[in-house]
Amino acid sequence: MKRLILAMLVAIAAACTTTNGPDSEFANVQVSFATQRPAGPLASGAFLSRAAGDTIITGTDTLVIDRVQVVLREIELKRVATTDCDSAADEDACERFETGPVLVDLPLGSTVQQKFAVNVPVGSYNEIEFDIHKPDDDDPSDQVFIANNPTFAAISIRVTGTFNDTAYVYTSDLNVQQELALVPALEITDMTGATNLTVLVDIDSWFRNASGAVVDPTSANKGGPNENLVKENIKNSVEAFEDDDRDGAED
């Protein structure tokens, strides 16, 4: 009887580890962030790297961005033919990197920095989704996050620097889901090895008006005349693509 039970346990273990099609194979996918594409010819008013960690916009005014922090939640990679990562029917078809909330320091200058990694089943993925998230006191996980990051109570984005040599702090309560298409779709096979996705956040566009002129970041704080302008700029500033060499450009 003991031998029979042992044989059954071995058979069950073998069934659990045997590969039965593509979903039983995994490959590592990493998510990195960048705020600039690779250096090219500079247009008038473009970003200029002044020093490590600093980014400058020049024009009539000078804006220096020293730090950009964003609160993210529910970072997921969506399979082709999956309708919605938020629906119960499709939840298992979305691979989750991070539940969050988590605070991400965006790299400035030409740096590309890895922030997350997860092993995902092989297959085709055509979208990465995440929330730019305003922590809420009513949410238990948010309460823990706020306790560790008190300056982000009801704040999803914080930017510091100088505008015409005067220090500023810009904060936003933007609360929005970002759904970034991957074109072409990301193809993961059991032979792929580590694959890198770069999320490019074009912070050059954040504090600009329709004519391209720089606006004072403090004018975009809550209740300011440029609050909605900058919020829309932020929502439209994000894209994602495969970037295995981590140079900030599409492969």
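Residues numbered from 1 in each chain as written. Predicted model: local features only at pLDDT ≥ 70, side-chain atom pairs only at ≥ 80, totals over all residues. Heavy atoms only, no water.

**What to know about the confidence of the model for the protein**
As a reminder, the rule being used: pLDDT measures the predictor's confidence residue by residue and takes values from 0 up to 100. Under the DSSP-based scheme used, a helix requires at least four consecutive residues in state H or I and a strand at least two consecutive residues in state E, with every element numbered from the N terminus.
Averaged over the protein, the pLDDT score is 84; the fraction of residues at 70 or greater is 80%. For the protein, helix H1 (residues 2-17) is the element with the lowest average pLDDT, namely 36, and helix H3 (residues 227-235) is the one with the highest, namely 98.

**Observations regarding the pattern of salt bridges**
We apply this condition: Salt bridge, as applied in this entry: a Lys or Arg side-chain nitrogen positioned within 4 Å of an Asp or Glu carboxyl oxygen. Remark: exposure states derive from per-residue accessible area (1.4 Å probe, protein chains only) relative to the maximum for the residue type, with buried under 20%, exposed over 50%, and partly exposed in between.
This model, assessed by the stated rule, comprises ten salt bridges. Between Arg96 and Glu76 there is a salt bridge, with the nearest N and O atoms lying 2.7 Å from each other. Of this pair, Arg96 sits in strand S5 (residues 94-98) while Glu76 is found in strand S4 (residues 63-79), placing the two residues 20 residues apart along the sequence. Arg96 sits in the partly exposed class, given a relative accessible area of 35%. Glu76 sits in the buried class, given a relative accessible area of 2%. One salt bridge connects Glu232 with Lys235, and the closest N-O pair in it is separated by 2.7 Å. Note that Glu232 and Lys235 are positioned in helix H3 at a spacing of three residues, about one turn of the helix. Judged by its relative accessible area of 39%, Glu232 is partly exposed. Here the residues in one salt-bridge network are Asp173, Lys222, Glu227 and Lys231, joined through shared partners.

**Quick look at the packing of aromatic side chains**
Cut-off, in case you're wondering: Between the rings of Phe, Tyr and Trp (Trp by its six-membered ring), a pair exists once the centres lie within 6.5 Å; its type follows the angle of the planes, with under 30 degrees stacked, over 60 edge-to-face, and the other angles tilted.
A complete count under the given rule lists three aromatic pairs for this structure. On the basis of an interplanar angle of 75 degrees and a centroid distance of 6.4 Å, the ring pair of Phe33 and Phe116 is categorised as edge-to-face. Taken as a pair, Phe33 in strand S1 (residues 26-34) and Phe116 in strand S7 (residues 113-121) lie far apart in primary sequence, 83 residues in all. Classification of Phe33 as buried rests on a relative accessible area of 3%. For the pair Trp206 and Phe207, a centre-to-centre distance of 6.4 Å together with 70 degrees between the ring planes defines the contact as edge-to-face. Aromatic ring contacts, followed pair by pair, group Tyr170, Trp206 and Phe207 into a single cluster.

**Concerning H3**
Working note: α-helix, 3.6 residues per turn, so residues spaced by three or four point in the same direction. Formally: As used here, the arc is the angular range of directions from the helix axis to the C-beta atoms.
Those residues of H3 not exposed but buried are Glu227, Val230, Lys231, Asn233 and Ile234. Seen along its axis, H3 keeps its buried residues to an arc of 160 degrees; they face one direction.

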